[in-house]
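Residues per chain are reported as follows:
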Amino acid sequence: MADNIHFYEPANGHGLAHDPFNALVAPRPIGWISSRDGRGNLNLAPYSFFNAFNYHPPIVGFASIGYKDSVRNAQETGEFCWNLVTRPLSEAMNETCAPVGPEEDEFTLSGLTPRPSRVISAPHVAESPVALECRVSQILQLTGADGQAVETWMVYGEVVGVHIAKHLLKDGIYDTGAAEPVMRGGGPADYFSVGPEQKFRMHRPG
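Reading the values: rules and limits
- Each residue is numbered by its place in its chain's sequence as written, counting from 1.
- In keeping with the predicted nature of the model, local features appear solely for residues at pLDDT of at least 70, side-chain atom pairs appear and are counted solely at 80 or more, and the whole-chain, interface and lining totals rest on all residues.
- Hydrogens and water are ignored here; the side-chain numbers use all heavy atoms of the structure.
- Helix and strand labels come from DSSP, where a helix needs a run of H or I of at least four residues and a strand needs a run of E of at least two; each type is numbered from the N terminus.
- Relative accessibility decides the category of a residue: with a 1.4 Å probe and only protein chains considered, values under 20% of the type maximum give buried, values over 50% give exposed, and everything between is partly exposed.
- We call two strands paired when DSSP finds no fewer than two bridges between them.
- Within the patch definition used here, like charges are joined within 9 Å and nonpolar side chains (Val, Leu, Ile, Met, Phe, Trp, Tyr) within 5 Å, considering only residues with over 30% relative accessible area and no salt bridge.
- Only the protein chains shown count as cover for residues, and all accessible areas are computed by the Shrake-Rupley method using a 1.4 Å probe.
- A side-chain nitrogen of Lys or Arg and a carboxyl oxygen of Asp or Glu constitute a salt bridge if their distance falls within 4 Å.

## Some remarks on unusual backbone geometry
Note on backbone geometry: most residues besides glycine have negative phi, and most peptide bonds are trans. Of note, the amide linkage connecting A26 to P27 takes the cis form, showing an omega dihedral of -5°. With respect to the helices, strands and loops of the structure, P27 is situated in the loop between α1 (21-24) and β1 (28-29). The phi angle at D171 is positive, at roughly 55°, despite the residue not being glycine. As for its placement among the helices and strands, D171 is situated in the loop between β11 (169-170) and β12 (173-174). Not every positive phi belongs to a glycine, and E180 is a case in point at roughly 50°. In this fold, E180 is placed in the loop between β12 and β13 (182-184). Given the relative accessible area of 36%, E180 is considered partly exposed.

## Side note on the pairing of strand β3 (residues 42-47)
Counting buried positions along β3 gives 6 out of 6 residues, so the element sits mostly inside the fold. Along β3, one buried face is formed by L42, L44 and P46 and the opposite face, lined by N43, A45 and Y47, is buried too. Linking strand β2 (residues 31-36) back to β3 in an antiparallel pair, the connection comprises 5 residues, with G40 at a positive phi of about 100°.

## Looking at a nonpolar patch on the surface
Side chains of V162, I164, L169 and Y174 sit close together on the surface and give an oily, nonpolar patch of about 310 Å² of accessible area. For I164, the position within the fold is in strand β10 (residues 149-164).

## Concerning the pattern of salt bridges
All told, the structure shown has 3 salt bridges when counted by the stated rule. We note a salt bridge from D37 to R39, for which the minimum N-O separation is 2.9 Å. Put simply, D69 and R72 hold a salt bridge, and the shortest N to O gap is 2.9 Å. Of this pair, D69 and R72 both sit in helix α2 (residues 69-77), 3 residues apart, which is roughly one turn of that helix. On the basis of relative accessible area, D69 is assigned to the buried category, the value being 15%.

Okay, structure coming up:
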């Protein structure tokens, strides 16, 4: 049976054409993070390590490999927004990956509209049907099992404001498939989208 399994220890290399880790833990929600720095400069950037971590209070978080503008802005202002990437917005999201300086506005570069938020000062993407306004709760530099710091920062935020396009609410229930969310896959360019055809239901026992 072991002959049918490719096993490797990451510290010793994977022995494959491409590191499979990002493809194994996938698809992943995209952390499309909008923020502003202490001088008011806007930033919009996607992060492939993002998720929700708590119900009450609602907490989301994204990891930045390298101390990038989104982390710096979150630390300076204590705020950020998460914006849902949908299939129609995928190309614009990709434009916000461009490696530009902190003085460059990715909203302008991608042709997107910064919409003022209701609770915090950082704007969100007007074209996105869902946005979460967040106040920073923790910023942590990750460490390995040996206790050594790695060049990745985890930014957690409590959700203090939620925007949902009304057409995605059906009888008071958010319709995930109708939103056509886009998620990050593995490899250098793989993405996945979700639609109603992938939906199935399974109730918890008891």
